[in-house]
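Below are the chains, spelled out letter by letter.
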Amino acid sequence: MAGVTYREALRRALDEELARDDKVFLMGEEIGRFEGSYKVTAGLYAKYGPRRVRETPIAEEGFVGAGVGAAMLGLRPVVEIMTINFILVAMDMVVNHAAKVRQMFGGKVGVPLVIRTPAGAGAQLTAQHSQSLEVMFAHTPGLKVVAPSTPLDAYGLLKSAIRDDDPVLFVENLVLYNVNGALPEPGDDFTVPIGRAQVVREGRDLTIVAHSYTVRRALTVADRLSQHDIEVEVVDLRSLRPLDAETVIESVKKTSRALVAEEGWATYGVGAELAARISRECFDDLDAPVERVGGAEAPMPYSKPLELAALTLEDKIEKAARGLLADCGLLAEA
Amino acid sequence: MAEEIVMPRLSDTMERGTIARWLVHEGDAVHEGDVLAEIETDKATMELNAYSDGVLLRILVQDGEAAELGAPIAVVGAEGEDVSGFSAASGNGDAAAADGAGETEAAPPAASEAVAAAPAPDAPAPPAGGGTLKASPVARRMASDAGFDLRGLAGKGSGPDGRIVRVDVERALAGGASAAPAAAAPPAQAPASAPAPAPARAAAAPPEADTVIEPSPMLKAVARRMSESKAQVPHFYLQCEIDMAKALALREELNAELADEGVKLTVNDLIVRACALALRDHPQFHRSWIDGKLYQHGAAHVGVAVALDEGLIVPVIRNADSLPLRELAVVARDLVARARSGSLRQQEIEGGTFSVSNLGMLGITSFQAIINPPEPGILAVGSVVERATGVGGQVVVRPLMTVNLSVDHRAASGADGARLLQTVTRYLEHPLLLLV
């Protein structure tokens, strides 16, 4: 089945899981009659009713906490947070409760909770509404964090997240919702395992590692550089925790060069983590230090030119890639 | 304060050494001058002496393990000192070359000293320790796997500040070290700006084999030096036949007279003597091309190639032109015997100004040899064979020996080589000249 949007892929996964398991229910602001701020839950309230698709007040700490409690008692809540920026209000529930309950209850109680939420920037939503905070959660033991970049992975990973017995932060992206891609037939029971990265383009000269929407930008950069006889390998992490470093390391052992690109800030970011692992595992394979590129280290400005300058856009990734390749004698100065 | 002992430079061509064995243990007291270990270099086994008093606190490179020049191999200090900060990989190693480089012997002639100090062609002064050569880890690993000397590219890599990177090594391995890296920086943005021709990328798949053998340091050194010579030295070859009847007769007579004294001349001794005298007669030939300059040699130091089970070694008969034949024979015999037993000293295998390689005893009638840089030439000697030849209009049978002279065309011309060979022939065909 071709031409399904990322949004529709999520909706289908939710629909099929709601139908498969009556312990699954949805919670969030405006997800019922209004069908969600980004229409991911379109049609589900009409189909499953208010008991399975529950609308909440604007009180993230309260409804994430309710989700933790429901999960501890055996249900499988899928909580929507309108954007990842608002999860900060519920941080205690996520980091101090969802992430810790299984260990603190001696393994007797788990928290099979999914928190769905879009990250990302680019619509002049300014400093408080343009963040990519997934690294904060990937930093936390006890949580799983996934951030798919295609409709297929969104579909397969959301199903895996709902069936997982531990809390999963499911990071979407505002710009990805309208991206198209193929999905399997409904009866296939297709899933994508959590914790597996994927090489989405093969190359010999440089590995670019990314997640979520940045994967698409990396692929564009790979296209551009291929016109200069540079073959870029692109690794889509898909999961940030557990982190599939093995796939990255295997790629870097082949290419000798690594660039990590992310929409969030690079300091203490995904690139920092991967640079450390690559340096350790690929020390004798590296031709240059691991390069990383992320958003400007500043609160996101409102001004459009400044916003564009702050984002991890294709040009910024390409510039970093060219600099790295130039240092390795593969391109003239970037 | 605890000090690192680093892998010293024990020969001109040495890049790394292998600890044959430690003669002291951790915790032993050591005194300046004590022999601490035996180190196998690319050519010989040498002793490592302590250069300060103290206690051997820690051995960083164990028996049988190798270390780069300047890499720390042990730590000496006061008893009980903390040595946790030292590791085999952490060398700052600057002391390495300063201690012992190029000072193995009182200088022979000026030219030889220049030869001894000659680094790889076009290389700036080689870095003292491994730590100061700028090369990416993968470049180092590839070079190490291929037995390729990165110092030849030092400072000329394509990376920042001349860092040697992967493409530099790929190009060097694909096209010989002569491929100029970083040359001709292509214009920015031009599509042609990505260099790295296709062949450079194709990593050669290892051939099928029953077993893979790790070559000895000596074999690696021979392989590298021979490859460099063939790749970088423009060889040309001159061949002639020498009538050895009188030389053989003279040898027989002398050996009969000297038998009681235990002296035995070989045919090779006569040839070495002839070459040494010819080199003295032809200073025009007797010089080395090093880094765009000619180094004139005075005394003739003639190397004699000795085949070993594991590799090849060329001990040098120093001042062969001024040694009487009898002494030359004694010296040569001693050197060859010690070459076979592995007990040559470093200074006995360096500083040659010419070499002789003889495969006659193995039935080879004619062959061409690879020059041992920076020597200007090498004489490849075949067996003495009785053959019909024309003399004064008559066909007669004579004992003929075919020799091939390989010449570095940068150092000498065809005529220079021909004159040398002519003189060698004259000495051997009128061997009494070897005695006066």
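Just to check I follow, could you spell out the overall build of chain B for this structure?
Scanning chain B from N- to C-terminus turns up 10 helices and 18 strands. The buried share among the 436 residues of chain B stands at 41%. Within chain B, contacts between residues at least 6 apart in sequence are counted, and of these 66% link residues at least 24 apart.

I'm lost on unusual backbone geometry in this one. Help?
Along the chain, Arg241 of chain A connects to Pro242 of chain A via a cis peptide bond; the corresponding omega equals -5°. Tracing the chain through its elements places Pro242 of chain A in the loop between strand E12 (239-241) and helix H9 (245-255). Positive phi outside glycine occurs at Thr126 of chain A, with the angle close to 60°. Relative to the assigned elements, Thr126 of chain A resides in the loop between strand E5 (114-119) and helix H6 (134-138). A residue is classified by how many C-beta atoms lie within 10 Å of it, and Thr126 of chain A, with 14 of them, is partly exposed. The phi torsion at Asp291 of chain B lies on the positive side, around 50°, for a residue other than glycine.

Help me understand helix H8 (residues 213-226) of chain A in this model?
The α-helix advances 3.6 residues per turn, and as a result positions three or four apart in sequence lie on the same side. Residues and elements named next belong to chain A. For H8, with 14 residues, the first-to-last C-alpha span of 21 Å sits near the 20 Å given by 1.5 Å per residue. If you check which residues of H8 are buried, you get Tyr213, Thr214, Val215, Arg216, Arg217, Ala218, Val221, Ala222 and Leu225. On the buried face of H8, the contacting elements are strand E7 (168-173), strand E9 (198-201), strand E10 (206-210), strand E11 (232-236), strand E13 (258-265) and helix H12 (314-327).

Teacher, can you tell me more about helix H3 (residues 137-146) of chain B here?
All names here are of chain B. Among the residues making up H3, those that are buried are Val138, Ala139, Met142 and Ala143. Take H3 and look down its axis: the buried residues cluster within an arc of 130°, on one side only. Against the buried residues of H3 lie helix H4 (166-175). The first or second residue beyond H3 is Gly147, which carries a positive phi of 65°.

Whenever I open this one, the sheet that holds E12 of chain A confuses me. Can you help?
By way of backbone hydrogen bonds, the strands of a sheet pair with one another, either parallel or antiparallel. All names here are of chain A. Taken in spatial order, the 7 strands line up as E3-E2-E4-E5-E7-E6-E12 in an open sheet, and their pairing is mixed. Two strands close off the open sheet at either side, each with one partner strand: strand E3 (53-55) and E12. Mean inter-strand twist for the sheet, computed between neighbouring axes without regard to direction, equals 20°. Bridge count between E5 and E7: 6 bridges; the pairing is parallel. Considered in E7, the bridge of Arg116 is made with Phe170.

When you look at the environment of Leu331 of chain A in this model, what are you seeing that I'm missing?
Along the chain, the position of Leu331 of chain A falls in the segment after H12. Residues Leu331 of chain A and Ile230 of chain A, spaced 101 residues apart in sequence, show a C-alpha to C-alpha distance of 8.4 Å.

How should I be thinking about the nonpolar core in this particular structure?
Counting 115 residues, the largest nonpolar core has Ile208, Leu259 and Ala321 of chain A as the members making the most contacts within it. Here Ile208 of chain A is in contact with Ala218, Val221, Ala222, Val232, Val234, Leu259, Ala261 and Ala321 of chain A, once residues within four sequence places are set aside. Ile5, Leu250, Leu323 and Val407 of chain B belong to the second largest nonpolar core, which has 81 residues in total.

I would appreciate a short explanation of the sheet that holds strand E14 (residues 291-295) of chain A in the present structure.
Residues and elements named next belong to chain A. In spatial order, the strands read E9-E11-E10-E13-E14; together these 5 strands make up an open sheet with mixed pairing. With partners counted over all chains shown, the strands left at the sheet margins are E9 and E14, one partner each. The mean angle between the axes of side-by-side strands here comes to 25°, regardless of whether they run parallel or antiparallel. Two strands pair when backbone bridges link them, and E10 and E13 are joined in this way by 3 bridges, in the parallel orientation. Paired with Val209 across the bridge in E13 is Val260.

Sorry, what's going on with the confidence of the model for chain B here?
All names here are of chain B. Put simply, chain B has an average pLDDT of 81, and 82% of its residues get 70 or more. Low confidence marks residues 90-131, where pLDDT is under 50. Its contacts with residues over four positions away, or in another chain, come to 101 contacts. This stretch, residues 177-202, has a pLDDT under 50; its non-local contacts, to residues over four places away or in other chains, come to 45 contacts. At the level of chain-chain contacts, confidence expressed as ipTM amounts to 0.77, with global pTM at 0.54.

Procedures and definitions
Residue numbers run consecutively from 1 along every chain, following the written order of its sequence. In the order they appear in the text, chains get letters beginning with A and ligands get numbers beginning with 1. Restriction of local features to residues with pLDDT of at least 70 applies here, the model being predicted, together with a cutoff of 80 or more for giving and counting side-chain atom pairs; totals for whole chains, interfaces and linings are based on all residues. In DSSP terms, a helix is any run of H or I states spanning at least four residues, a strand is any run of E spanning at least two, and both are numbered starting from the N terminus. Residue burial is a threshold on neighbouring C-beta atoms within 10 Å of the residue's own C-beta, all placed from the backbone, with 20 or more meaning buried, 12 or fewer meaning exposed, and counts in between meaning partly exposed. Contact definition: two residues whose C-beta atoms, as placed from backbone geometry, lie within 7 Å. By definition here, a helix of n residues has an expected span of 1.5 Å times n minus one. This arc corresponds to the set of directions leading from the helix axis out to the C-beta atoms. When DSSP locates at least two bridges between a pair of strands, those strands are taken to pair. Only C-alpha atoms enter the line fits that serve as axes; for helices the fit covers just the stretch in contact. Angles between N-to-C directions range over 0 to 180 degrees. What we call a nonpolar core is a set of buried Ala, Val, Leu, Ile, Met, Phe, Trp, Tyr and Cys residues whose membership is set by joining through C-beta atoms within 7 Å. Scored from 0 to 100, pLDDT records how confident the predictor is in each individual residue.

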